[in-house]
Amino acid sequence: MGPEVAAATQRVVAAAGVAVNWEVIEAPSVGGRRTGEFPHQAALDSIERNHVGLKGPMGTPIGEGAPSINVALRKELDLYANLRPVQNLEGAPSRWKGVDLVVVRENTEDLYAGLEHVIVPGVVESLKIITDKASTRIARFAFEYARRIGRKKIHAIHKANIMKLSDGMFLSATRRVAKEFADIGYAEMIVDNTCMQLVMNPGQFDMLVLPNLYGDVISDLAAGLVGGLGLVGSGNIGEHAALFEAVHGTAPDIAGRGVANPTALILSAVMMLKYLDEIAASERIERAIARVFREGKSLTHDVGGEGTTEGFTDAVVGALEAEG
């Protein structure tokens, strides 16, 4: 469903008054499924040239096949920080209200880097790499971001009670950086306890900073608190470039039917516009999305409505136009 939600997002960005000269790179597909290899060199060239990109959802084979293109782009562009704001949308299905947290995930190393090999038949070794450099860099990103947007407290999430060297290094680096930001509260929590605490009382968290693998799991858990990945934007940010993306699935079962929910990619575009200092336009889109969900008349099936992709997009564009 990538092309459908991408087209909807382009309409919304244009309606917000931002003139973007899009370079479109399409992954070949049959029946909504990717075939062959994504032209990822073309994507790399485009992002290196423009320093920013917006990417729709792409699938990754499970247990076999080509490595994740998503991971490859992050690594090759050194997009070391994954940023995931998680907030309730009034009108979206959720057991929780008032959720407002930010997940900051290290994006380049840890087990998620996929460094694994067969030692002997029946035995596979997967390498967990944690470095002081990457840990310090992601901690500094988190604290600087917290200060910039007015967040008050950061939890560092770990399993250093068991992995004393690797997660211990992550904590050591984060503690060192935390001392430079006396205005930002700092705490630590073991990852399994964090999962429990999030579903019991998500309001106790403001920001979380995590190594790569824990960050992948926790960011999806957090999205579940507000209705799922279809309602949450995501950004991958480095020193010289950024790639914003919808991280939900490609939903080949509904591809081409005009019922896909473009909210996650639109919210990712909102993050992109903020990165580009198009603050007024980004805030207008946020207000338009909030209005459409609050009114509840044009929502797609996944969030309890009966609307279409086009109808939802029309409603967002209409809300933008009504604001003037």
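This one's a predicted model, so the numbers in the text were calculated from it and none came from an experiment. (Residues numbered from 1 in each chain as written. Predicted model: local features only at pLDDT ≥ 70, side-chain atom pairs only at ≥ 80, totals over all residues. Heavy atoms only, no water.)

Chemist: In this structure, what is going on with the sheet that holds strand S3 (residues 52–55)? I would like to understand it.
Modeler: The strands that make up a sheet pair up through hydrogen bonds in the backbone, lying either parallel or antiparallel. On the basis of which strands lie adjacent, the open sheet formed by eight strands has the order S3-S12-S11-S4-S5-S10-S8-S9 and mixed pairing. The sheet is open, and its two borders are formed by S3 and strand S9 (185–190), each paired with just one other strand. If you compare each strand with its neighbour and ignore which way they point, the axes differ by 20° on average. The sheet contact formed by strand S8 (residues 153–158) and S9 spans six bridges and is parallel. Pairing of Ile157 across the sheet is with Met189, part of S9. Contacts from helix H6 (residues 191–200) reach strand S5 (100–106), S8, S9 and strand S10 (207–210), with the element oriented near 105° to S9. (Pairing = 2+ DSSP bridges. Helix = DSSP H or I, 4+ residues; strand = E, 2+ residues; numbered from the N terminus. Axes fitted to C-alpha atoms, helices over the stretch in contact; angles between N-to-C directions. Contact = heavy atoms within 4.5 Å.)

Chemist: I would appreciate a short explanation of unusual backbone geometry in the present structure.
Modeler: Leaving glycine out, the prevailing phi sign among residues is negative, and the prevailing peptide bond configuration is trans. Of note, His51 is a non-glycine position whose phi angle comes to about 70°, a positive value. Position of His51 relative to the elements: it lies in the loop between helix H2 (40–50) and S3. A residue is classified by how much of its surface remains accessible, and His51, at 40% relative accessible area, is partly exposed. A positive phi angle is found at Asp277, which is not glycine, with a value near 65°. With respect to the element layout, Asp277 can be found in the loop between helix H8 (263–275) and helix H9 (279–295). For Asp277, a relative accessible area of 62% puts it in the exposed group. (Buried < 20%, exposed > 50% of the residue type's maximum accessible area, 1.4 Å probe, protein only.)

Chemist: Can you help me understand the nonpolar core in this one?
Modeler: Residues Val104, Ile285 and Phe293 are the most contacted members of the largest nonpolar core, which totals 54 residues. Considering every element that reaches this core, the biggest residue donor is helix H4 (residues 132–149), with seven residues. Not counting the four nearest positions on each side in its chain, Val104 is found in contact with Asn82, Leu83, Ile138, Phe141, Ala142, Met207, Leu208, Val209 and Leu210. (Core = buried A, V, L, I, M, F, W, Y, C linked by side-chain atoms within 4.5 Å.)

Chemist: Would you explain empty space enclosed by the protein in this entry?
Modeler: Rolling a probe over the atoms, with the probe sized like a water molecule, indicates the empty space that remains. As enumerated under the stated definition, the model contains two cavities of 30 Å³ or more in all. In terms of lining, the largest cavity is formed by Val71, Arg74, Lys75, Arg105, Asn107, Thr108, Tyr112, Ala113 and Asn212. Counting residues per element, the lining of the largest cavity draws most heavily on helix H3 (residues 69–76), which supplies three residues. Split by residue class, the lining of the largest cavity holds three nonpolar, three polar and three charged. For the second largest cavity, the calculated volume is near 30 Å³. Looking at the second largest cavity, the residues that line it are Glu106, Glu109, Ile130, Ala134, Ser135, Ile138, Phe170, Pro211 and Asn212. Residue contributions to the lining of the second largest cavity peak at three residues, all from H4. For the lining of the second largest cavity, the residue count by class is five nonpolar, two polar and two charged. (1 Å grid on protein atoms, 1.4 Å probe; cavity = no way out; pocket = protein on both sides within 12 Å on 5 of 7 lines; lining within 4 Å. Points joined across faces, edges and corners; volume = space filled by probe spheres on them. Nonpolar A, V, L, I, M, F, W, Y, C, P; charged D, E, K, R; others polar.)

Chemist: Even after reading the chapter, I still don't get the pairing of strand S12 (residues 242–245), so can you show me in this structure?
Modeler: Each regular strand shows side chains that alternate between the opposite faces of the sheet. A two-sided burial pattern is seen for S12, the buried positions comprising Ala242 and Phe244 on one face and Leu243 and Glu245 on the other. Looking at chain direction, S3 and S12 are connected through four bridges and run parallel. Pairing of Lys55 across the sheet is with Glu245, part of S12. Direction of pairing for strand S11 (residues 235–237) relative to S12: antiparallel, over a ladder of three bridges.

Chemist: Hey, could you run me through H3 in this one?
Modeler: Residues separated by three or four positions in an α-helix point in the same direction, a consequence of the helix having 3.6 residues per turn. Listed in full, the buried residues belonging to H3 are Ile69, Asn70, Val71, Leu73 and Arg74. Once H3 ends, the next one or two residues include Asp78, with phi positive near 55°.

Chemist: Mind showing me how you'd approach the packing of aromatic side chains here?
Modeler: How two aromatic rings sit relative to each other is set out by the distance from centre to centre and by the angle between their planes. One pass over the structure, following the stated rule, counts six aromatic pairs. In this structure an aromatic cluster arises from ring pairing among Tyr80, Phe141 and Tyr145. (Phe/Tyr/Trp six-rings, centres within 6.5 Å; stacked < 30°, edge-to-face > 60°.)

Chemist: Is there a simple way to explain a nonpolar patch on the surface in this structure?
Modeler: A cluster of nonpolar side chains, namely Leu115, Leu127 and Ile129, defines an oily patch on the protein surface of about 210 Å² accessible area. One can find Ile129 in the loop between strand S7 (123–126) and H4. By relative accessible area, which is 35% here, Ile129 ends up partly exposed. (Patch = residues over 30% accessible without salt bridge, like charges linked within 9 Å, V, L, I, M, F, W, Y side chains within 5 Å. Areas by Shrake-Rupley, 256 points an atom, 1.4 Å probe, with all protein chains shown as cover. Salt bridge = Lys/Arg side-chain N within 4 Å of Asp/Glu carboxyl O.)

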